[in-house]
Amino acid sequence: MNSLVLLLGGIGLALIVEGVLARYEVLAYSVGWRVPTSELPEGLPYARGAPPDRPPAAYLVYLDGIGKRQFRDTRDGGQLVQAVIAGAPELRVLGQVQPYSPLAAPLADRPVWAWLRRRAGLLLFLHNVMQTFVAADRRYRPLYNRAVGQQIVVQLRLAGYRAGSNIPVVLLSYSGGAQVSTGAVDEVHRQLGAPVLVIMLGGFHNGANELSLVEHVYQLTSSKDRIERVGTWIFPQRWRLLRHSGWNRAVRAGKVTVRTLDPATHVGPRSYISPTATLPDGRSHLDRTTGTVIDLIRDYCAASADRTTAA
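Just so you know, these numbers come straight off a predicted model, no measurement behind them. (Residues numbered from 1 in each chain as written. Predicted model: local features only at pLDDT ≥ 70, side-chain atom pairs only at ≥ 80, totals over all residues. Heavy atoms only, no water.)

**Q** Tell me about the overall build of the protein, residues and numbers included.
**A** Regarding its fold elements, the protein presents nine helices and seven strands. For the protein, with 311 residues in total, the buried portion stands at 51%. Put simply, of all contacts in the protein between residues at least 6 apart along the chain, 75% involve residues at least 24 apart. Carbon together with sulfur atoms contributes 59% to the accessible area of the protein, which is approximately 14,600 Å² in total. (Helix = DSSP H or I, 4+ residues; strand = E, 2+ residues; numbered from the N terminus. Buried < 20%, exposed > 50% of the residue type's maximum accessible area, 1.4 Å probe, protein only. Contact = heavy atoms within 4.5 Å. Areas by Shrake-Rupley, 256 points an atom, 1.4 Å probe, with all protein chains shown as cover.)

**Q** Residues and numbers for unusual backbone geometry, please.
**A** Of note, the bond from Asp262 into Pro263 is cis; its omega dihedral lies within 30 degrees of zero at 0°. Following the sequence through the fold, Pro263 ends up in the loop between strand 7 (256-260) and helix 9 (285-310). Its identity is not glycine, yet Asn166 carries a phi of approximately 65°, on the positive side. The phi dihedral of Ser175 falls on the positive side, at around 55°, and the residue is not glycine. Overall, Ser175 belongs to the buried group, its relative accessible area being 9%.

**Q** Please give an account of the environment of Arg283 that cites residues and values.
**A** For Arg283, the location among the structural elements is in the loop between strand 7 and helix 9. By relative accessible area, which is 37% here, Arg283 ends up partly exposed. In this structure Arg283 touches Ala277, Thr278 and Arg288, once residues within four positions along its chain are discounted. Among the polar contacts made by the side chain of Arg283, one reaches the side chain of Asp281 at a distance of 2.8 Å. (Polar contact = N/O pair within 3.5 Å; in protein donor to acceptor, adjacent residues only side chain to side chain.)

**Q** A description of the pattern of salt bridges should follow, citing residues and the corresponding values.
**A** The tally for this structure, following the rule as stated, stands at five salt bridges. Residues Glu90 and Arg298 are paired through a salt bridge, measuring 2.7 Å at the closest nitrogen-oxygen approach. In this pair, Glu90 sits in the loop between helix 2 (75-87) and strand 3 (91-94) while Arg298 sits in helix 9, placing the two residues 208 residues apart along the sequence. Between Glu187 and Arg190 there is a salt bridge whose closest N-O contact spans 2.6 Å. On the criterion of helical spacing, the pair formed by Glu187 and Arg190 is a turn pair, its members being three residues apart in helix 6 (residues 177-192). In this structure Glu187 comes out as buried when scored by relative accessible area, which is 10%. (Salt bridge = Lys/Arg side-chain N within 4 Å of Asp/Glu carboxyl O.)

**Q** Describe helix 5 (residues 141-158), naming the residues involved and giving the relevant values.
**A** With 18 residues, helix 5 should cover 26 Å at 1.5 Å per step; its first-to-last C-alpha distance of 26 Å lies within 8% of that length. Downstream of helix 5 by a residue or two, Gly160 has a phi angle that is positive, lying close to 110°. (Expected span 1.5 Å × (residues − 1).)

**Q** Before we move on, could you go through the nonpolar core and cite the residues and values that matter?
**A** Counting residues in hydrophobic clusters, the biggest one holds 34 residues, and the most contacted among them are Val61, Ile152, Leu156 and Leu171. Contributions of two or more residues to this core are made by strand 2 (58-63), helix 5, strand 4 (169-174), helix 6, strand 5 (196-201) and helix 8 (246-252). Broken down by element, this core gets its largest block of residues, six residues, from helix 6. One finds Val81, Leu172, Ile199 and Ile273 within the second-largest nonpolar core, a separate group that totals 29 residues. (Core = buried A, V, L, I, M, F, W, Y, C linked by side-chain atoms within 4.5 Å.)

**Q** Describe the side chain of Arg92, naming the residues involved and giving the relevant values.
**A** Tracing the backbone shows Arg92 in strand 3. Here Arg92 is buried and forms no salt bridge, its nearest opposite-charge partner Asp53 lying at an N-O distance of 6.0 Å. In contact with Arg92, other than residues within four places in its own chain, are Ala47, Arg48, Ala50, Pro51, Pro52, Arg54, Pro56, Ala58, Tyr59, Leu60, Ala159 and Gly160. (Lys, Arg positive; Asp, Glu negative; His and termini not counted.)

Printed below as a string of structure tokens:
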């Protein structure tokens, strides 16, 4: 009994500390106490995929789930990024954006977190979970959206994006990255004049972000994804009853398309990006997800080119 009380007390204390630290970053950004970094570690390129000697068909920014804690890809997210690069060499892909740090400061580069990683790795995930809820909090959401949106814009510019070029920007997000991707649309469009396409994979978001400037949102989901379903329950803005939320207005405007990837789960050996779980046709879950993402982007780029030609 005493052990259980200590465990619950420790978790409660950790949640309080994380809540304070998560808010500190966005407040430090807003008052200018700290300036977000734009430099990457030596040897890490600003973009991969399409070479810099000609414009790519689109720029793809991957916003990972709560396991993201460094500039380099996570294991699972990295598999998806590499598969997209291999399958669509016409895309220029960025995976270094820090969706859970308004200051663009990876947890792995902070001495305290490096120490914690060796002793209490769960806290790393807890930190990013709390950041997701800060990004969804109406008091901090505008600041958070602007901070991470600006981070994306800076990284796109460093990767070669030219404002006014009208090259599509695809925000591909997994899990909690969906909260950030929907919040970054306005800033990316405002600063770069770019058409923005959002593709969310198992998206966990509160539905409050304004999506009037997005070209389209593709919601890749599964009936077996319990974590995504929790998001539709706990955030009132996702409920159909609140017709005027950003999400529900986008749905009514025909800007949201749902694609089902059953029987994939949110995480684990049968997740959306599992290279080992297989479908009846022999493809892995990773193969199907990658193919779906690439097809959506290519279809959008082709339709955009047709509209431009017709005009």
